[in-house]
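This is what each chain is made of:
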Amino acid sequence: MERQFGQLRPSQLLFYHGPGAIVDMLSGSVMIMAADLWDFRSKNVIEDERVRSSLGVPYLRLLNEDQEKISVTARPFPKWKVCPRCGMMTEWDTRECYYCGKENVKIELFPSRFVIACKHGHIRDFPWIEWLHEGEEECKKPILKMTYRGMAGSLSDMYVQCVKCRKQKSLANIMKFTMDCTGERPWIGDEEQDKEQCKEQMETVLRGASKLYTPIVFSTLSIPLSDGRVDNLIEKVNREKHNLLKIKDRSYEQFKQIALILLDITENELPAVEQILNGEYEQSVSYETIRKQEWNTIIKKNVDYLEETGFKSVEVEIHEQMKPYFSSIVKIESLPEIQVLRGFTRLHYLDPFDATEIPFCSIMKNSRSTDWLPAVKNLGEGIFFQFNIQKLLEWENKENVKQELSRIFERYNKRREQLGNSSIYLKARHILIHTFSHAMIQEFARFSGYATTSLRERLYCSDDMYGVLIYTASSDSEGGLGGLIELSKPEKLYPIFVRALEKMEYCSSDPHCSDARFEMQSTVNGAACHACGFVSETSCEWGNQLLDRRTLIPLNEGESLAFFQL
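No experiment lies behind these values; they were computed from the predicted model shown.

Caption draft 1: Structural detail: unusual backbone geometry. For the bond running from Phe 77 to Pro 78, omega is -5 degrees, close enough to zero to count as cis. Residue placement: Pro 78 occurs in the loop between β7 (74–76) and β8 (81–82). In this model, Asp 510 is joined to Pro 511 through a cis peptide bond whose omega is 5 degrees. Mapped onto the elements of the fold, Pro 511 is located in the segment after α13 (490–503). Positive phi, normally seen in glycine, also occurs at Lys 301, with a value near 75 degrees. Tracing the sequence through the fold places Lys 301 in the loop between α9 (287–298) and β19 (303–305). We classify Lys 301 as partly exposed; its relative accessible area is 24%.

Caption draft 2: Local environment of helix α10 (residues 389–396). Along α10, the residues classified as buried are Leu 392, Trp 395 and Glu 396. Considered in projection along α10, the buried side chains sweep an arc of 95 degrees and stay on one side of the axis. α10 presents Gln 390 and Glu 394 as exposed residues on the side facing more than 90 degrees away from its buried surface. Structurally, the start of α10 carries an N-cap: the backbone nitrogen of Gln 390 is 3.0 Å from a side-chain oxygen of Asn 388.

Caption draft 3: Summary view of the sheet that holds strand β9 (residues 89–90). The antiparallel open sheet is built from three strands, whose spatial order is β9-β8-β10. Each edge of the sheet is formed by a strand with only one pairing partner; in this case those strands are β9 and β10 (110–111). The sheet contact formed by β8 and β10 spans two bridges and is antiparallel. Paired with Lys 81 across the two strands is Pro 111, which belongs to β10.

Caption draft 4: Expanded view of the environment of Ser 423. Structurally, Ser 423 can be placed in the loop between α11 (399–418) and α12 (428–447). Separated by 272 residues in the primary sequence, Ser 423 and Met 151 have C-alpha atoms spaced 47 Å apart. Setting aside its immediate chain neighbours within four residues, Ser 423 contacts Asn 413, Arg 416 and Glu 417.

Caption draft 5: Quick peek at the nonpolar core. If you look at the biggest cluster of nonpolar residues, it comprises 66 residues, and the most contacted ones within it are Phe 326, Phe 385, Phe 436, Met 440, Phe 444 and Phe 564. Considering each element in turn, this core owes the most residues, nine residues, to α12. Once you skip the residues sitting within four places of it in the chain, Met 440 turns out to touch Phe 385, Ile 470, Leu 493, Ile 496, Phe 497 and Ala 500. One finds Leu 14, Ile 22, Val 51 and Tyr 213 within the second-largest nonpolar core, a separate group that totals 46 residues.

Caption draft 6: Examining the packing of aromatic side chains more closely. Inspection of the entire model under this criterion finds 32 aromatic pairs. Note on Phe 387 and Phe 436: the rings are 5.5 Å apart at their centroids and 85 degrees apart in plane angle, and the pair reads as edge-to-face. Of this pair, Phe 387 sits in strand β22 (residues 372–387) while Phe 436 sits in helix α12, placing them 49 residues apart in sequence. In this structure, Phe 387 and Phe 436 share a single accessibility class: buried. The structure contains a cluster of three or more aromatic residues connected by ring pairs, namely Tyr 325, Phe 326, Phe 385, Phe 387, Trp 395, Phe 436, Tyr 494, Phe 497, Phe 563 and Phe 564. It is Arg 61 that lies over the ring of Trp 372; its NZ or CZ is 5.1 Å from the centre.

Reading guide: rules and limits
- Residues numbered from 1 in each chain as written.
- Predicted model: local features only at pLDDT ≥ 70, side-chain atom pairs only at ≥ 80, totals over all residues.
- Heavy atoms only, no water.
- Helix = DSSP H or I, 4+ residues; strand = E, 2+ residues; numbered from the N terminus.
- Buried < 20%, exposed > 50% of the residue type's maximum accessible area, 1.4 Å probe, protein only.
- Arc of directions from axis to C-beta.
- Polar contact = N/O pair within 3.5 Å; in protein donor to acceptor, adjacent residues only side chain to side chain.
- Pairing = 2+ DSSP bridges.
- Contact = heavy atoms within 4.5 Å.
- Core = buried A, V, L, I, M, F, W, Y, C linked by side-chain atoms within 4.5 Å.
- Phe/Tyr/Trp six-rings, centres within 6.5 Å; stacked < 30°, edge-to-face > 60°.
- Lys NZ or Arg CZ within 6 Å of the ring centre and 35° of its normal.

Put into structure tokens, the structure is as follows:
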């Protein structure tokens, strides 16, 4: 007999309530099962070239279409439960305490607060019986009970006792408990073939710990494909195609020489030129090229692909006081976005700058034979800021800017090395653009009608990208309500811009926060903290790292790091 646990929104299933995640429902704690075990009574299928080329899956199943025809499979997890009245523990599939029931008292059990997991994603119930009887012969029919001694509520005040043999143990050191991995994957199944061989150590984790489930979500905007350098090359070759083919027919050597000069390319690009001329060139698509292609499309300013992809952008007039800092501001009236759940990790967070393929846990039971991934298609609006590159370079080349921000880069790379990641090269623009984005998100939320959790950033930071897109996207069929792009008008945007910078001047944690050189500083930020520069986890691409209010506006007397001058 099927049991109904409750309902989840599509966005929840795509992020922290996806396959393999532990979710607290009204009827108890459950683990969401693999996506190919869900019941889709409607096809909900779409195809996307970017997803196919980047992730290698032919199509997607949309979770926000015909939601009532999707049944998500889940199972109770963890199995161990505790009675809040008598403290008796059980791993039977029941919601009410058996022992209290004998006294005609109905008491609902609560799930164990501890589980054990390894870095390869395997997870299982905490082995209460083995842990309690560690080093001793186990009882034949152990019965466990949790007791409390003390008023502090700390782990050292909690004890687990075996009612049969009277063995008891404090939970004071429970977080230090480890064991060899058993390879269990409850979201896949309980069968022996569902387990994996693993040499990792399983460690004790709180059931609600955020590190227990980190989703890997691939996001792309539905705009025409182009990837910058290659796209420009295709355009150049097609423009000179007739002349190049004539020269190539006469003399191949002459063709190479003229192509190098006419197209302004290197010899390494000649094979690509020939493939384009012969109609054999296939453009590769990756995360980097997608982000570059988005940049190239948006900086065209006035783009109307409403009928083809649903994307439309319009350049807006820049206020006179903002012109020194921005070369263009674009309002995106229609912004389609596709988010795809690829998998998840446990016990470690993702590196936002790691472009290499990262190992992750599969969200499918039969991953080899499954040719789809769960996705959500959103429609929204946004405002894009392209910084003035000349002003930006002038600011970046200041010696004091380099020296001050290099301290943050050193701390950040040291943290990366501690986590097993390689060091990366960062520029001052990374911190400036990121901090500016957070300041504007907070201020937009005051006037747009959207909460800060509904606004997101899309950062374009590299040698040839220098801007940010602040947008909102909703799975609602009507998309954005127009509240954000309405603020792109010069007479409305400038006051918001000024207030956003002025708000960054003060923090309730000053002077500790504003003193970015504080020797006990343990974060990878400068002058930024929860009270001033941080936004919600779903809004920030870089995990609230690499932020510094000093890059926006002077905080202390004698500082000269600010890019903006009010």
